[in-house]
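Spelled out from the first residue to the last, the chains are:
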Amino acid sequence: RVQRHPIAQYVPAQCQSCGRHIPDTYPAPDDPNLTEEEPMPEERPFVRAGWFRGPRGAVVFSYSCPDCQAVSRWYRAVHPEITLNPRKWGRLCGETEDLKMWLPPDFGV
């Protein structure tokens with residue numbers, strides 16, 4: 001049941017304001033609007049290494065959207081409450097697999 005539930009489906013990384021998709025390709029072309037940053041102190045306990053446009057350490061991604069000029073921040077999280085936040089975070093392959101492991105006990109599966 002969890003495998004097919006929309007909550008565990010792939011969602012592309014995107015601008016958290018207008019929804020512009022950020023390509024998840026590898027090898028990734030340079031994107032001047034996308035940077036990696038060290039986590040802020042309040043983010044640090046929740047950030048983990050993972051894969052986005054190639055292997056990454058425990059970093060935060062910052063995207064300056066060329067369409068709406070909003071700045072979005074997101075990271076690979078260690079907890080489903082972060083991954084499932086309502087701010088249009090992407091749920092890439094690693095996040096969907098994490099959710100499939102985390103959620104079944106909560107649903108009695």
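What you are looking at is a predicted structure, and each value in this text was computed from that prediction instead of being measured. (Residues numbered from 1 in each chain as written. Predicted model: local features only at pLDDT ≥ 70, side-chain atom pairs only at ≥ 80, totals over all residues. Heavy atoms only, no water.)

Let us look at the overall build of the protein. A tally of helices and strands in the protein yields three helices and five strands. Element order for the protein, N to C, with α for helix and β for strand: β-β-β-β-β-α-α-α. Relative to its length of 109 residues, the protein is compact, with a C-alpha radius of gyration of 14 Å against a globular reference of 13 Å. Reported as C-alpha extents along the three principal axes, the dimensions of the protein are approximately 45 × 25 × 25 Å. Carbon and sulfur atoms make up 56% of the accessible area of the protein, which totals about 6,500 Å². The average position of the 13 basic charges and that of the 14 acidic charges among the side chains of the protein differ by 6 Å. (Helix = DSSP H or I, 4+ residues; strand = E, 2+ residues; numbered from the N terminus. Rg over C-alpha atoms; globule rule 2.2 N^0.38 Å. Areas by Shrake-Rupley, 256 points an atom, 1.4 Å probe, with all protein chains shown as cover. Lys, Arg positive; Asp, Glu negative; His and termini not counted. Charge placed at Lys NZ, Arg CZ, Asp CG, Glu CD.)

I22, L34, F52, F61, Y63, W74 and Y75 are the most contacted members of the largest nonpolar core, which has 17 residues in total. For this core, the element with the most residues is strand β4 (residues 60-64), which contributes three residues. (Core = buried A, V, L, I, M, F, W, Y, C linked by side-chain atoms within 4.5 Å. Buried < 20%, exposed > 50% of the residue type's maximum accessible area, 1.4 Å probe, protein only.)

Residue placement: E43 occurs in the loop between β1 (34-37) and β2 (50-51). Of the residues examined, E43 reaches a relative accessible area of 10% and is grouped as buried. Apart from residues lying up to four places away in sequence, E43 is in contact with V60, R73 and Y75. (Contact = heavy atoms within 4.5 Å.)

A few words on the sheet that holds β4. Taking strand neighbours across the sheet as the criterion, the three strands line up as β1-β4-β5 in an open arrangement whose pairing is antiparallel. The open sheet terminates on both sides in strands that have one partner only, identified here as β1 and β5 (71-74). When strand polarity is set aside, the average angle formed by the axes of neighbouring strands in this sheet is 25°. Direction of pairing for β1 relative to β4: antiparallel, over a ladder of four bridges. Considered in β4, the bridge of E36 is made with F61. (Pairing = 2+ DSSP bridges. Axes fitted to C-alpha atoms, helices over the stretch in contact; angles between N-to-C directions.)

When pLDDT is averaged along the protein, the result is 84, and 94% of the positions lie at 70 or above. Least confident of the elements in the protein is helix α3 (residues 104-107), whose mean pLDDT is 70; most confident is β4, at 93. (pLDDT = per-residue confidence, 0-100.)

Moving on, we come to the environment of I22. Here I22 lies in the segment before β1. Spatially, the C-alpha atom of I22 lies 9.9 Å from that of R53, the residues being 31 residues apart in sequence. Residues within four places of I22 in sequence aside, it is in contact with A13, Q14, C15, L34, F52, R53, Y63 and W74.

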